[in-house]
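Single-letter residue listing:
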Amino acid sequence: MNRIWDVAVAGGGVIGLAVAYELVKAGCSVVIVERGPLHGEAVAAAAGMLGAEAEAHQGDDFFRLCLFSRSLYRSWAAELEARSSVSIEYRAEGIIRAALDEEEEQELRARGERIPGAVWMDGDGLRRIEPELSPDVRGGYFFADDHQVHPVRLAEALRLASAGLGVRFREHTPVLGILTENGRAVGLRTTDGDVFAEAVVVAAGAWSSALLQTIGVRLPVEPVKGQCYALSPDRPVIRKTVYTRGCYIVPKADGSLWIGATQEYAGFDKTPTAAAVAELHQVASALLPVIRRARFVATWAGLRPGTPDGLPWIGPIEELPGLFVAAGHFRNGILLAPATGRLLREMMLGEPLSHPIDCCSPNRTKREERRP
Ligand SMILES: Cc1cc2nc3c(=O)[nH]c(=O)nc-3n(C[C@H](O)[C@H](O)[C@H](O)COP(=O)(O)OP(=O)(O)OC[C@H]3O[C@@H](n4cnc5c(N)ncnc54)[C@H](O)[C@@H]3O)c2cc1C
């Protein structure tokens, strides 16, 4: 007879892994069913910024959720490193959000008024923090608490830590649909047979909508292509992440600079293009002219899971007891991984919530709007 797991997770990206990790720590038996290799999609393309403030547009509930997740990070990273012996390369250096022209200055200043604690600095002030910033930088914000990690190392640490606690993985096994019985979700239908579970989590990133559609639930998640490239300067040129409109430059522990990212609505195509790299490089070298001499290393692209309002879907699907979703983390899936794992576990196990998460409820759109 087939085993019945406590939880079956569809999708082994950073979100599926974070959810599985939190659930196994709480004593659940968990299996992750992954179409490809683990952590091979959006997480493998991400820059790793924990940009709760740098990415914020207003001081709303979602902003507070991002701050909450950021506040969990340092101890979460240490715990994962201890369990996995993988360094996540947590760097507590902060992000400079800089304006290169008047239009961006106005836009950033207006945004800063809506973000509690944001203090405008002039260009010279920012250049005292990062001397290689262009003389054209007019000013901006320094978000000292927006740190960064290495996303693939984070995902690998999650995999090893989860495996050590008993999570099992079925890689190269596409999930075809969600099994239902008597009005409940009871498992996953896969290319390698049925996987039965008391509860099911859809964490399939940009592919989540297709899975939910198989049982008639419409939660829009759309792929948003992001292209990046990496350079290797012959000496370290920045310590902080520097970020301007349409481009950020993230210094990594190996001395490379990860530069991204485009935001393209191009379906599921992940092909990197010369035009995108050229455009990114133009902005990046306007922000940090010293990179013009750096060695080119690589280019890559990934698909962010986007939603109509830019916020993820995290929580139960009310139409089908036993079914939960954690998808649509768009530009912030690395940042939001610890909060998503913890809060979804709390919801699934009926524990008190350690932070409100209504803004990400799958039920925030009207039920009838989600029907096909
Ligand atoms: C260029 C770029 C830069 C980014 N930078 C940052 C950043 O600096 N900071 C930040 O916080 N976020 C960043 N992000 C966003 C972040 O990467 C995503 O929000 C996050 O990785 C989403 O994680 P996920 O697990 O939901 O999706 P994914 O990592 O895409 O994982 C979903 C998994 O589900 C699997 N799957 C899909 N369909 C099926 C199926 N039918 N059966 C089984 N498995 C299936 C996929 O193969 C995949 O492994 C960036 C993204 C991109 C593309």
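- Under an unreviewed UniProt entry, the name given to the protein is glycine oxidase, and the source organism is Candidatus Reconcilbacillus cellulovorans.
- UniProt's Catalytic activity (unreviewed entry) comment on the protein is quoted here verbatim: "glycine + O2 + H2O = glyoxylate + H2O2 + NH4(+)".
- Among the UniProt annotations of the protein, the heading Pathway (unreviewed entry) holds the following wording: "Cofactor biosynthesis; thiamine diphosphate biosynthesis."

## Considerations on the site of the ligand
Phase 1: Around the ligand there are 36 residues in total, and Glu34, Met49, Val175, Arg331 and Leu335 lie nearest to it.
Phase 2: Here an oxygen atom of the ligand and a side-chain polar atom of Glu34 are 2.6 Å apart.
Phase 3: Met49 places a polar main-chain atom, nitrogen or oxygen, 2.8 Å from a nitrogen atom of the ligand.
Phase 4: Protein chains shield 98% of the accessible area of the ligand, which is 1000 Å² for the free molecule.
Phase 5: Of all elements in the fold, only α1 (14-25), α2 (42-45), β10 (222-232), β14 (295-306) and α9 (333-348) reach the threshold of two or more residues within the shell around the ligand.
Phase 6: In the shell around the ligand, the residues fall into 21 nonpolar, 10 polar and 5 charged.
Phase 7: For the shell around the ligand, the two domains that each supply at least three residues are domain 1 (4-55 + 152-220 + 309-370) and domain 2 (95-143 + 223-306).

## Examining α1
Phase 1: Taking 1.5 Å of rise per residue, the 12 residues of α1 would be expected to cover 16 Å, and the 16 Å separating its terminal C-alpha atoms lies within 8% of that figure.
Phase 2: The element α1 is extensively covered by neighbouring structure, given that 11 of its 12 residues are classed as buried.
Phase 3: Turning to α1, its buried residues are Val14, Ile15, Gly16, Leu17, Ala18, Val19, Ala20, Tyr21, Glu22, Leu23 and Val24.
Phase 4: One or two residues past the end of α1 sits Gly27, with phi positive at roughly 100°.

## Here's the deal with the domain arrangement of the protein
Phase 1: Along its sequence, the protein is carved into domain 1 (4-55 + 152-220 + 309-370) and domain 2 (95-143 + 223-306).
Phase 2: Distance from the C-alpha centre of domain 1 to the C-alpha centre of domain 2: 30 Å.
Phase 3: Of the residues lining the interface, 20 residues belong to domain 1; the matching set on domain 2 comes to 26 residues.
Phase 4: Each partner contributes to the roughly 1900 Å² buried at the junction of domain 1 and domain 2, and carbon and sulfur atoms together form 61% of this total.
Phase 5: As a salt-bridge pair, Glu41 and Lys270 come within 3.1 Å of each other at their nearest N and O atoms.
Phase 6: Taken together, domain 1 and domain 2 are joined by 8 residue pairs in polar contact (both at pLDDT 80 or more).
Phase 7: In the side of domain 1 that touches domain 2, the residues fall into 11 nonpolar, 5 polar and 4 charged.

## What to know about the UniProt feature "domain: FAD dependent oxidoreductase" (unreviewed entry) in the protein
Phase 1: Summarizing the sequence annotation, UniProt attributes the feature "domain: FAD dependent oxidoreductase" (unreviewed entry) to residues 6-347 in the numbering used throughout.
Phase 2: A helix fraction of 32% and a strand fraction of 27% characterise residues 6-347, whose end C-alpha atoms lie 14 Å from each other.

## Thoughts on the pattern of salt bridges
Phase 1: Taken as a whole and judged by the stated rule, the model has 24 salt bridges.
Phase 2: Notably, a salt bridge pairs Glu55 with Arg331, separated by 2.8 Å at the nearest N-O pair. Taken together, the residues Glu55 in the loop between α2 and α3 (61-84) and Arg331 in the loop between β16 (323-327) and α9 connect sequence positions 276 residues apart.
Phase 3: Relative accessible area serves as the criterion here: at 27%, Arg331 is assigned to the partly exposed category.
Phase 4: Between Arg345 and Glu351 there is a salt bridge, with the nearest N and O atoms lying 3.1 Å from each other.
Phase 5: Here the salt bridges share partners, and the residues they tie into one network are Glu22, Lys25, Glu79, Arg345, Glu346 and Glu351.

Rules behind the numbers
- Residues numbered from 1 in each chain as written.
- Predicted model: local features only at pLDDT ≥ 70, side-chain atom pairs only at ≥ 80, totals over all residues.
- Heavy atoms only, no water.
- UniProt positions renumbered as here; feature names shortened; annotations may be inferred.
- Near = heavy atom within 4 Å.
- Polar contact = N/O pair within 3.5 Å; in protein donor to acceptor, adjacent residues only side chain to side chain.
- Areas by Shrake-Rupley, 256 points an atom, 1.4 Å probe, with all protein chains shown as cover.
- Helix = DSSP H or I, 4+ residues; strand = E, 2+ residues; numbered from the N terminus.
- Nonpolar A, V, L, I, M, F, W, Y, C, P; charged D, E, K, R; others polar.
- Domains from an automatic or database assignment.
- Expected span 1.5 Å × (residues − 1).
- Buried < 20%, exposed > 50% of the residue type's maximum accessible area, 1.4 Å probe, protein only.
- Contact = heavy atoms within 4.5 Å.
- Buried area = accessible area lost by both parts, 1.4 Å probe.
- Salt bridge = Lys/Arg side-chain N within 4 Å of Asp/Glu carboxyl O.

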